Amino acid sequence: MRAAGVRRVQRWFWALTVIAVCAGGALDEGLRAAPGPGTGLRVLVSGLVLAASAIQAARILTVLTHRRPEGRRRRRK
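Residues numbered from 1 in each chain as written. Predicted model: local features only at pLDDT ≥ 70, side-chain atom pairs only at ≥ 80, totals over all residues. Heavy atoms only, no water.

## Quick notes on the pattern of salt bridges
Short version of the rule: Definition used for salt bridges: Asp or Glu carboxyl oxygen within 4 Å of a side-chain nitrogen of Lys or Arg. In this text, helices come from DSSP runs of H or I with a minimum length of four residues, and strands from runs of E with a minimum of two, each type numbered from the N-terminal end. The buried label applies to any residue whose accessible area, calculated with a 1.4 Å probe on protein chains only, is under 20% of its type's maximum; exposed applies above 50%, and partly exposed to all values in between.
Tallied over the full model, the rule gives two salt bridges. For the salt bridge of Glu29 with Arg42, the shortest nitrogen-to-oxygen distance reads 2.7 Å. Of the two residues, Glu29 sits in helix 1 (residues 3-32) while Arg42 sits in helix 2 (residues 37-65), which places them 13 residues apart along the sequence. According to the relative accessible area criterion, Arg42 is partly exposed, its value standing at 38%.

Below, the structure written as structure tokens:
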């Protein structure tokens, strides 16, 4: 991966991490709020955003930490 590509992936990782933290805060507030349809919708949306952003950030982190050595490349089929 080129240096510019690595920087772009790192920016996406940190953006997704910030989104996950904000969604976690919104989920916490929703779980503490009085029950109602609006609260249920808030919990649903923030939970889905939290799960999606955390999973994608974890996938990116896996790619960033398990890079191949420079001399080895993947064979194309």
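## Here's the deal with the side chain of Ser46
Note the threshold: By the criterion applied in these results, polar contacts are pairs of N or O atoms within 3.5 Å in which, for protein atoms, one can donate a hydrogen and the other can accept it, and in which residues neighboring in sequence qualify only through two side-chain atoms. Here, two residues are considered to be in contact whenever any of their heavy atoms come within 4.5 Å of each other.
By secondary structure assignment, the location of Ser46 is in helix 2. What makes Ser46 buried here is its relative accessible area of 6%. A distance of 2.7 Å separates a polar side-chain atom of Ser46 from the backbone oxygen of Arg42. With residues up to four places along the chain from it excluded, the contact list for Ser46 reads Ala23, Ala26 and Leu27.

## Here we look at helix 2
Counted only if it meets this: One less than the residue count of a helix, multiplied by 1.5 Å, gives the span that helix is expected to have.
In this model helix 2 runs 42 Å from its N-terminal to its C-terminal C-alpha over 29 residues, within 8% of the 42 Å that 1.5 Å per residue would give. Those residues of helix 2 lying buried are Thr39, Ser46, Ser53, Ala57, Ile60 and Leu64. For helix 2, the secondary structure elements touched by its buried residues are helix 1.

## Description of the packing of helix 1 against helix 2
Angle between the axes and distance between the axes: these two values describe a pair of packed helices. What counts is decided by this rule: Only the contacting stretch of a helix is used when fitting its axis, a line to C-alpha atoms as for every element, and angles between N-to-C directions run 0 to 180 degrees. For this classification, under 35 degrees means roughly parallel, over 145 means roughly antiparallel, 65 to 115 means roughly perpendicular, and everything else is oblique. By convention, the crossing between two helices is left-handed when the near helix turns anticlockwise from the far helix through less than a right angle, and right-handed when the turn is clockwise. Each residue gets one label: Ala, Val, Leu, Ile, Met, Phe, Trp, Tyr, Cys and Pro are nonpolar, Asp, Glu, Lys and Arg are charged, and the others, such as Gly, are polar.
Where helix 1 contacts helix 2, the axes come no closer than 8 Å and their chain directions differ by 155°. Here helix 2 runs roughly antiparallel to helix 1, going by the angle between their axes. Between helix 1 and helix 2 the crossing geometry is left-handed. Here the residues of the contact of helix 1 with helix 2 are counted per class, giving 19 nonpolar, nine polar and two charged.

## Side note on the packing of aromatic side chains
To keep it simple, the criterion reads: Here a Phe, Tyr or Trp ring, Trp counted by its six-membered ring, pairs with any other such ring whose centre lies within 6.5 Å, and the pair is stacked when the planes are under 30 degrees apart, edge-to-face when over 60, and tilted otherwise.
For the structure on display, the rule yields one aromatic pair. Look at Phe13 and Trp14: their rings are 5.0 Å apart centre to centre, the planes differ by 75°, and that puts the pair in the edge-to-face class.

## Description of the environment of Leu61
Looking at the element boundaries, Leu61 is found in helix 2. With 51 residues separating them in the primary sequence, Leu61 and Gln10 have C-alpha atoms 8.5 Å apart.

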